[in-house]
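Structure at a glance
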Amino acid sequence: MNLSYKEVKRDTAVQASKPFPKHRIEEWRGKAYVYVCILVLIVTIFSIVYFIAVRGLTPFVSGGVGVGEMLFGKVWDPDAEQPLYGALPFLYGSFATSLLAAAIAAPLGFCAAIFMTEMMPKLGRTVLQPAIELLAGIPSVVYGFVGLSVIVPFLRHTFPGQGIGIMAGSIVLSIMILPTVTTIATDALRSLPSGLKEGSYALGATRWQTISRIILPTTLPSLLTGIVLGIARAFGEALAVQMVIGNAPHIPDSLFESAATLTSIITLSMGNTTLGSAHNNALWSLALILLLMTFVFVFIVRLLERRAKR
Amino acid sequence: MIEIERLQLYYGTFHALKDISLSIPEKRVTAFIGPSGCGKSTLLRTLNRMNDAIDGVRIEGKVEIQGQDIYAPDMEVETLRKRVGMVFQQPNPFPKSIYDNVAYGPRLHGKRKKAELDEIVEKSLRAASLWEEVRDVLKKSAWSLSGGQQQRLCIARALAVEPDILLMDESTSALDPISTNKIEELTRELSRNYTIVMVTHNMHQAARISDRTVFFLNGQVIEAADTETLFSNPADRRTEDYISGRFG
């Protein structure tokens, strides 16, 4: 009571003596700093989007390439006399590798998360979680190298084909996105109200019944978020995939046949084209498709988060 | 009904329940009272072995329910919990529909037929005096109910597996007075068919609805008697001090 009275008094005294008290200036300085940072960020993001859009739209606007021709064309031959810009093989390659990678990583990630939260929390926290998080820190070129020297030969000996292809890419990607899926799933399982689990156990449920009927359905939106983020990461990964997929621009008949993705074809061809050429602009179109897909993934994650909150 | 004999419980090195011997009568409401940390909730949770999952808990002594040692090695904890239902302090309905919440237990234990489940759901909700309020919205999420309704849903959910005993762990402490009143009335009614053991912080609640009251202090049973006797004529000085509000 007494204290607040004194404080008020001091405050008014300061205000009376100076037109701009010190804390006002501090406040203004802090605000200005934050606004400048935000402005830089926004300008950067918009410039990137603008640049990619302008470059990527050029083939459609002035290059005489139809949108349908690019999205559904099966032949990519930009250096021919009659250049063809069919990106369907790359779209197919990107979707196939990333979805297959998610299909491999999701069950592994969920089981790891359940093991770490429900079965062996101590071992999970001290050993397994750091180990899985370590996977996130390994450079993608190392993944690609390991994939090329271990997974590709293994696939070559086990299945018909040369080993390179969508399967090899998916396996490499699935290990790369495992940390994302596992970490998000673990967080979701840990944040589950303990009352739900207790309520289930108190009704005579076994641990497995509680996991399958309460824990998984309740955390499903968060688990899906993890998967979508994993797919987004896999979709954008270039180097590791490029090293094991073979980079043949056609739609493969099997998972063990050379294929290509949007990212791998961009990194491969970018150096061989000049800025502003038709071929180069077509690559920007592929980049634009990648960007739009990223937006879609972000949108899906947002939708899932909203569902998780309810 | 429930016979507890020389029960000791340790959390690691902490001796939480000291040499407890107690018998809890059938189809009566027994209230555990005492200050926070006196072990009353811990004892309640030994009755359906909810302490099993906690790290470092060690139990000695004997707990028998209808002559069966519930800590015997051949005792299946799932079977025990089917017979000893529990309602928690915070209402904890599952994020499912009202119907699925009540049907959860029966489904766990192998009931699949829709007609049979329908009947159990209605019976349980009626027993928890919630049926009239939710009969038209059974498909709605249980989380859309009010706190008091959620708690009665949790009671219905516990009743749906047809237990003999119902444990209530401060089940009204998170509720408003009107909902509390409803749960209290319900508890009285249920005691005709079920053995009820409740932990409460509220002495008046114990006095209002229990038949027997057990007073705990520092992990020991100080006094166990008929509620009327315990409140009007306590045998132990410490009981008297507690119920007259001199501590705790």
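Residues numbered from 1 in each chain as written. Chains lettered and ligands numbered in written order. Predicted model: local features only at pLDDT ≥ 70, side-chain atom pairs only at ≥ 80, totals over all residues. Heavy atoms only, no water.

1. Quick look at the packing of aromatic side chains
All names here are of chain A. The cut-off we apply is this: Only Phe, Tyr and Trp rings take part, Trp by its six-membered ring, and two of them pair if their centres are within 6.5 Å. Stacked means planes under 30 degrees apart, edge-to-face means over 60, and tilted covers everything else. Each helix corresponds to a stretch of at least 4 residues labelled H or I by DSSP, and each strand to a stretch of at least 2 residues labelled E; elements are numbered beginning at the N terminus. Buried, partly exposed and exposed residues are distinguished by accessible area as a fraction of the type maximum, computed with a 1.4 Å probe on protein chains only: under 20%, between the cut-offs, and over 50%, respectively.
For the coordinates displayed, the defined rule picks out 9 aromatic pairs over all chains. Here the aromatic rings of phenylalanine 95 and phenylalanine 235 are separated by 5.0 Å at their centres, their planes lie at 65°, and the arrangement is edge-to-face. Taken as a pair, phenylalanine 95 in helix α4 (residues 88-119) and phenylalanine 235 in helix α9 (residues 207-236) lie far apart in primary sequence, 140 residues in all. Using a relative accessible area of 31% as the deciding quantity, one classes phenylalanine 95 as partly exposed. Phenylalanine 235 gets classed as buried once you look at its relative accessible area, which sits at 4%. Ring geometry for phenylalanine 235 against phenylalanine 297: centres 5.6 Å apart, planes inclined by 70°, an arrangement best described as edge-to-face. Of the two residues, phenylalanine 235 sits in helix α9 while phenylalanine 297 sits in helix α12 (residues 278-309), which places them 62 residues apart along the sequence.

2. Considerations on the interface of chain B and chain A
Which entries qualify depends on this criterion: Contacts were defined at the residue level, with two residues in contact if any of their heavy atoms lie within 4.5 Å. The term buried area refers to how much accessible surface (probe radius 1.4 Å) is lost by two components on association, counted for both of them together. Note on definitions: salt bridges are taken to be side-chain nitrogens of Lys or Arg within 4 Å of carboxyl oxygens of Asp or Glu. A 3.5 Å cut-off defines polar contacts: any pair of N or O atoms within that distance qualifies, except that in protein one atom must be a possible hydrogen donor and the other a possible acceptor, and neighbouring residues in sequence count only when both atoms are side-chain atoms.
If you look at the interface, chain B gives 23 residues, while chain A gives 17 residues. With both chains or domains summed, chain B and chain A bury close to 1600 Å², and 61% of this area falls on carbon and sulfur atoms. Here chain B and chain A share 1 salt bridge between them. Here Glu198(A) makes a salt bridge to Arg45(B), at a shortest N to O gap of 2.5 Å. The interface formed by chain B and chain A includes 6 residue pairs in polar contact (both at pLDDT 80 or more). Going through the elements one at a time, α2 (77-83), β6 (84-87), α3 (98-108) and α6 (147-159) of chain B are the ones with two or more residues in the side of chain B that touches chain A. When residues in the side of chain B that touches chain A are grouped by element, the largest group, 3 residues, is from α3(B).

3. Here's the deal with the pattern of salt bridges
Under the defined criterion, the tally for this structure stands at 20 salt bridges over all chains. Notably, a salt bridge pairs Lys197(A) with Glu118(A), separated by 3.2 Å at the nearest N-O pair. Highlighted residues: Lys197(A) in helix α8 (residues 194-202) and Glu118(A) in helix α4, separated in sequence by 79 residues. For the pair Lys197(A) and Glu118(A), one class covers both residues: buried. Linked by salt bridges that have partners in common, Glu122(B), Arg126(B), Glu132(B) and Arg135(B) make up one network.

4. Some thoughts on the packing of helix α6 (residues 140-158) of chain A against helix α7 (residues 166-190) of chain A
Residue and element names in this part refer to chain A. Defined as follows: As a rule, the C-alpha atoms of each element are fitted with a line to give its axis, helices using only the stretch in contact, and angles between N-to-C directions run from 0 to 180 degrees. Oblique is the label for any angle not under 35 degrees, not over 145, and not in the 65 to 115 range, which are roughly parallel, roughly antiparallel and roughly perpendicular in turn. Crossing handedness: left-handed means the near helix sits turned counterclockwise from the far one by under a right angle, and right-handed means the same turn made clockwise.
It is the contact of α6 with α7, at a shortest axis distance of 9 Å, that shows an interaxial angle of 135°. With respect to each other, α6 and α7 are oriented oblique. In this structure, α6 meets α7 at a crossing whose hand is right-handed. Of the residues in α7, those in contact with Ser140, Tyr143, Gly147, Ile151, Val152 and Leu155 of α6 are Met167, Ala168, Ile171, Val172, Ile175 and Met176.

5. Examining the packing of α7(A) against α9(A)
Residues and elements named next belong to chain A. Convention followed: All residues other than Ala, Val, Leu, Ile, Met, Phe, Trp, Tyr, Cys, Pro, Asp, Glu, Lys and Arg, Gly among them, are scored as polar; the first ten of these are nonpolar and the last four charged.
Running from N to C, α7 and α9 point in directions that differ by 150°, and their axes come no closer than 8 Å. Compared by their axis directions, α7 and α9 come out roughly antiparallel. Seen along the crossing, α7 lies across α9 with a hand that is right-handed. Taken together, the residues of α9 that come into contact with α7 (itself represented by Leu173, Met176, Ile177, Thr180, Val181, Ile184, Ala185, Ala188 and Leu189) are Ile215, Thr219, Ser222, Leu223, Gly226, Ile227, Leu229, Gly230, Arg233 and Ala234. Of the residues assigned to the contact of α7 with α9, the class counts are 13 nonpolar, 5 polar and 1 charged.

6. Brief notes about α6(B)
Residue and element names in this part refer to chain B. The condition is simple: Given a helix with a known number of residues, its expected span is that number minus one, times 1.5 Å.
Taking 1.5 Å of rise per residue, the 13 residues of α6 would be expected to cover 18 Å, and the 18 Å separating its terminal C-alpha atoms lies within 8% of that figure. Among the 13 residues of α6, 12 are classified as buried, and the element is accordingly described as predominantly covered. Burial in α6 covers these residues: Gly148, Gln149, Gln150, Gln151, Arg152, Leu153, Cys154, Ile155, Ala156, Arg157, Ala158 and Leu159.

7. Structural notes on the confidence of the model for chain B
The predicted structure's coordinates, where accompanied by low pLDDT, should not be read in detail. Note the following rule: pLDDT measures how confident the predictor is about each residue, on a scale from 0 to 100.
Across chain B, the average pLDDT comes to 92, with 99% of residues at or above 70. Among the scores for the predicted complex, ipTM is 0.91 and pTM is 0.80.

8. Details of the sheet that holds strand β8 (residues 195-199) of chain B
For sheets, the rule is that strands pair by backbone hydrogen bonds, running either parallel or antiparallel. Residues and elements named next belong to chain B. Under the convention used in this document: Whether two strands pair depends on DSSP finding at least two bridges between them.
In spatial order, the strands read β6-β7-β8-β3-β9-β10; together these 6 strands make up an open sheet with mixed pairing. Among the strands making up the open sheet, the edge pair consists of β6 and β10 (220-226). For this sheet, the mean inter-axis angle between neighbouring strands, taken without regard to orientation, is 20°. The sheet contacts of α6 involve β6 and β7 (165-169), and relative to β6 the element is tilted by about 170°. Relative to β7, helix α7 (residues 177-190) is tilted by about 155°, and along the sheet it contacts β3 (29-33), β7 and β8.

9. Quick notes on α4(A)
As a reminder of what qualifies: The reported bend at a residue is simply the angle between two axes, fitted to the 7 residues ending at it and to the 7 residues beginning with it.
With 32 residues, α4(A) extends 45 Å from end C-alpha to end C-alpha; this agrees with the ideal 46 Å at 1.5 Å per step. Roughly 30° is the biggest bend found in α4(A), and it falls at Ala105(A), with proline Pro107(A) one to four residues downstream.

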